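Survey of secondary and tertiary structure
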Amino acid sequence: MTESTHTVKSYEQELDHLRSLMTQMGGLVERQTAQAVKAVVDGDEEAAVEAPELDPEVDELEREAEALAIRILALRSPMAIDLRTIVAGLKITGDLERIGDYASSISRRALRLDLDSSVMPLAGLKNMGRLVQDNLRRAIDALTTRDRDGAVAVWQSDTAVDELYTAMFRELVTYMMEDPRNISTCIHLLFVAKNLERIGDHTTNIAERVYYAVTGEMLPAVRPRGGRASASA
């Protein structure tokens, strides 16, 4: 094997390892998000405890991916699609880390919720959680398979997440106005809904980065958002 062949093989191995680190991160934050939603809607204390416990592993993978990406940029001088993949990867790992943080925040708040005596329906929150989890799964699938169409589908789904958040906000405010005893619980649920909405935003960011890495083109800077246009996060 020539030195040139060895160098190319090593370079490809580094790129594959970077993709693997992102996929591992994606799997962990998917799990964190699922456990966070379960903690709230099912009152599952074990799920609430587990999500934050995964934070150190997510953070370590982010640091490893960032160090590897910088090393490749410094030593390999990548061009074209490889360069886009690495640059997008640096941003995607940041988005994944933030998703993990929001999931942990939801879990910690779930431990402070007392929904046993609450008459408030959780259907809206369940639907929002289900959609956010589905979008996150599809975004990570698009990342893994370099699926531009899958990335676009996730990007387009952001509107539905925002609409569910708006509906939940209005519903919870109504409950607080009707009975002051609902205020504490509703405030916790508002924070949960907002964190889910932010997970949705970062998921959409991931979809945008995947599309850019694959195509070399940017999705529109303004995307539909809950019935109105809004700049991308």
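Shown above is the structure to which this text applies.
Residues numbered from 1 in each chain as written. Predicted model: local features only at pLDDT ≥ 70, side-chain atom pairs only at ≥ 80, totals over all residues. Heavy atoms only, no water.

A short note on the packing of helix α7 (residues 158–178) against helix α8 (residues 183–215)
To keep things clear, this is the line we draw: To get an axis, a line is fitted to the C-alpha atoms, and for a helix only the part in contact is used. The angle between two axes follows their N-to-C directions and goes from 0 to 180 degrees. Strands are runs of DSSP state E lasting at least 2 residues, helices are runs of H or I lasting at least 4, and numbering of each runs from the N terminus. Comment on the angle field: the value is read as roughly parallel under 35 degrees, roughly antiparallel over 145, roughly perpendicular from 65 to 115, and oblique elsewhere. Residues are treated as being in contact if the distance between any of their heavy atoms lies within 4.5 Å.
Two elements in contact, α7 and α8, have axes whose closest approach is 10 Å; the angle formed by their N-to-C orientations is 170 degrees. The angle between α7 and α8 falls in the class roughly antiparallel. Between α7, through Asp158, Val161, Asp162, Tyr165, Met168, Phe169, Leu172, Tyr175 and Met176, and α8, the contact on the second element is made entirely by Ile183, Cys186, Ile187, Leu189, Leu190, Ala193, Lys194, Glu197, Gly200, Asp201 and Thr204.

So, the packing of helix α5 (residues 123–145) against α7
This is how it is decided: Handedness of each helix crossing follows the sense of rotation of the near helix against the far helix: counterclockwise by less than a right angle gives left-handed, clockwise gives right-handed.
Interhelical geometry of α5 versus α7 gives an angle of 160 degrees and a closest axis separation of 10 Å. As far as their axial angle goes, α7 and α5 are roughly antiparallel. α5 and α7 meet at a crossing whose hand is left-handed. Between α5 and α7, the contacting residues are Gly124, Leu125, Asn127, Met128, Leu131, Val132 and Asn135 on the first element and Ala160, Val161, Leu164, Tyr165 and Met168 on the second.

Section: α8
Inclusion rule: In this analysis, the expected span of each helix is defined as 1.5 Å times one less than the number of residues it contains.
Compared with the 48 Å implied by 1.5 Å per residue over 33 residues, the 48 Å span of α8 between its first and last C-alpha is a close match. Just beyond α8, the residue with positive phi is Gly216, at close to 80 degrees.

Digging into the pattern of salt bridges
To keep it simple, the criterion reads: Any Lys or Arg side-chain nitrogen located within 4 Å of an Asp or Glu carboxyl oxygen qualifies as a salt bridge. To sort residues, take the accessible area from a 1.4 Å probe on protein chains only and compare it with the maximum for the residue type: under 20% means buried, over 50% means exposed, and anything in between is partly exposed.
Within this structure, the stated rule accounts for 14 salt bridges. Notably, a salt bridge pairs Asp44 with Lys38, separated by 3.5 Å at the nearest N-O pair. Classification of Lys38 as partly exposed rests on a relative accessible area of 35%. When the shortest N-O distance is used, the salt bridge between Asp179 and Arg181 registers 2.9 Å. A residue is classified by how much of its surface remains accessible, and Arg181, at 74% relative accessible area, is exposed. The structure contains a network of salt bridges with shared partners spanning Asp134, Arg137, Arg138 and Asp141.

A short note on unusual backbone geometry
The bulk of non-glycine residues show a negative phi, and the bulk of peptide bonds are trans. At Ser77, a position not held by glycine, the phi torsion is positive, near 45 degrees. Although it is not a glycine, Arg146 sits at a positive phi angle of roughly 55 degrees. Along the chain, Arg146 turns up in the loop between α5 and α6 (148–156). Here Arg146 falls in the partly exposed class, since its relative accessible area comes to 28%.

Any functional reading would require information beyond the geometric quantities listed.
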